Amino acid sequence: MGSFSIWHWLIVLLVVVLIFGTKKLRNIGEDLGGAVRGFKEGMKGEEEAPKPQAPKIIEGEVKEKNH
């Protein structure tokens with residue numbers, strides 16, 4: 001079957017643009033870009049998440065509550 005030449009890919013691109021239109025393709029690109037950006041931020045946030053610290057002891061008096 002072999003690989004396609006540049007002319008094959010240009011014809012496929014032209015057909016896709018004619019079927020979907022440029023506005024719909026732009027919206028799909030923006031949605032895909034936003035998803036990738038969100039995924040990257042999520043992965044970055046996971047790596048930079050602070051490690052749990054040891055519990056702190058707070059000293060003070062306990063007063064009884066009268067009911």
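Figured I'd write up the structure that's included with this text. From a predicted model like this one, the values you see are computed outputs, not experimental measurements.

## Topic: the overall build of the protein
Piece 1. Check the secondary structure of the protein and you find 2 helices and 0 strands.
Piece 2. Each of the 67 residues in the protein was classed as buried or not, and the buried ones make up 0%.
Piece 3. As displayed, the protein offers around 7,300 Å² of accessible surface, 62% of which is attributable to carbon and sulfur atoms.

## Concerning the packing of aromatic side chains
Piece 1. All told, the structure shown has 1 aromatic pair when counted by the stated rule.
Piece 2. Ring centres of F4 and W9 lie 5.5 Å apart, and the angle between their planes is 80 degrees; this geometry places the pair in the edge-to-face category.
Piece 3. With a relative accessible area of 44%, F4 lands in the partly exposed category.

Definitions and cut-offs
- Residues numbered from 1 in each chain as written.
- Predicted model: local features only at pLDDT ≥ 70, side-chain atom pairs only at ≥ 80, totals over all residues.
- Heavy atoms only, no water.
- Helix = DSSP H or I, 4+ residues; strand = E, 2+ residues; numbered from the N terminus.
- Buried < 20%, exposed > 50% of the residue type's maximum accessible area, 1.4 Å probe, protein only.
- Areas by Shrake-Rupley, 256 points an atom, 1.4 Å probe, with all protein chains shown as cover.
- Phe/Tyr/Trp six-rings, centres within 6.5 Å; stacked < 30°, edge-to-face > 60°.

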